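Next come the chains, spelled out residue by residue.
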Amino acid sequence: MEACWGEGVGKHIIEEIFRGSIGMLRLLKYLIVEENPSTKYMIYKYAETYHIEKNLEKLCSLNIVLKQEYNGITKYMINRDHPFIKSLTRFLEEIRYI
């Protein structure tokens, strides 16, 4: 299967479909791909999105993202056991977004 690219230069079609929610999509993509817990700084840097606090709060409340404290430093990691994340991961792999 070939990767699906949208009309925008360098934009994957899923980013076109989820326009307006691109920050959430990129945040989920980063957390799914990243195997280790990440600080907000790491997420800002590598997820290529800047408004993450509200999205992290929402995802934590849904138990999609797990919030962990390490020596006073807050880190976030995807809940790989969550049924939504399992399905989303398969979907994103199938369309070659991750």
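K.L.:
Is there a simple way to think about the overall build of the chain in this case?
P.N.:
Looking only at helices and strands, the chain has five helices and two strands in total. Written out in order from the N terminus, the α and β elements of the chain read α-α-α-α-β-β-α. Here the chain, with 98 residues, has 34% of them falling under the buried criterion. The long-range fraction of contacts in the chain, counting pairs at least 24 apart against all pairs at least 6 apart in sequence, stands at 48%. As displayed, the chain has an accessible area near 6,600 Å², and 54% of this comes from carbon and sulfur atoms.

K.L.:
Which parts of the structure should I look at to understand the environment of Ile73?
P.N.:
Relative to the assigned elements, Ile73 resides in strand β2 (residues 73-78). The spacing of Ile73 and Lys40 is 33 residues in sequence and 9.8 Å in space, taken between C-alpha atoms. Excluding residues within four positions of it along the chain, Ile73 makes contact with Thr39 and Gln68.

K.L.:
Can you walk me through the side chain of His82 in this structure?
P.N.:
Along the chain, the position of His82 falls in the loop between β2 and α5 (83-94). For His82, a relative accessible area of 19% translates into the label buried. Each residue touching His82, except ones within four places of it in the same chain, is listed here: Leu62, Asn63 and Ile64.

K.L.:
What is the right way to look at helix α2 (residues 22-33) in this model?
P.N.:
In an α-helix, one full turn covers 3.6 residues, which means residues spaced three or four apart are oriented alike. The first and last C-alpha atoms of α2 sit 16 Å apart over 12 residues, in line with the 16 Å expected at 1.5 Å per residue. By the burial criterion, the buried members of α2 are Gly23, Met24, Leu25, Leu27, Leu28, Tyr30, Leu31 and Ile32.

K.L.:
What's the story with the packing of aromatic side chains in this structure? I'm lost.
P.N.:
Each aromatic ring pair is described using two quantities: the centre-to-centre distance and the angle formed by the ring planes. Tallied over the full model, the rule gives one aromatic pair. Arranged with centres 6.4 Å apart and planes meeting at 10 degrees, the rings of Tyr30 and Tyr46 form a pair that is stacked. In this pair, Tyr30 sits in helix α2 while Tyr46 sits in helix α3 (residues 40-47), placing the two residues 16 residues apart along the sequence. Here Tyr30 falls in the buried class, since its relative accessible area comes to 9%.

K.L.:
How should I be thinking about the nonpolar core in this particular structure?
P.N.:
Nonpolar side chains in soluble globular proteins tend to be buried together. Residues Leu28, Leu31, Ile43, Leu56, Val65 and Ile78 are the most contacted members of the largest nonpolar core, which totals 22 residues. At the level of secondary structure, the elements contributing two or more residues to this core comprise α2, α3, α4 (53-61), β2 and α5. Among the elements that make up this core, the one with the highest residue count is α2 (seven residues). Look past the residues within four positions of Leu28 in its chain and what remains in contact with it is Leu59, Ile64, Ile78, Ile85 and Leu88.

Conventions we followed
Residues numbered from 1 in each chain as written. Predicted model: local features only at pLDDT ≥ 70, side-chain atom pairs only at ≥ 80, totals over all residues. Heavy atoms only, no water. Helix = DSSP H or I, 4+ residues; strand = E, 2+ residues; numbered from the N terminus. Buried < 20%, exposed > 50% of the residue type's maximum accessible area, 1.4 Å probe, protein only. Contact = heavy atoms within 4.5 Å. Areas by Shrake-Rupley, 256 points an atom, 1.4 Å probe, with all protein chains shown as cover. Expected span 1.5 Å × (residues − 1). Phe/Tyr/Trp six-rings, centres within 6.5 Å; stacked < 30°, edge-to-face > 60°. Core = buried A, V, L, I, M, F, W, Y, C linked by side-chain atoms within 4.5 Å.

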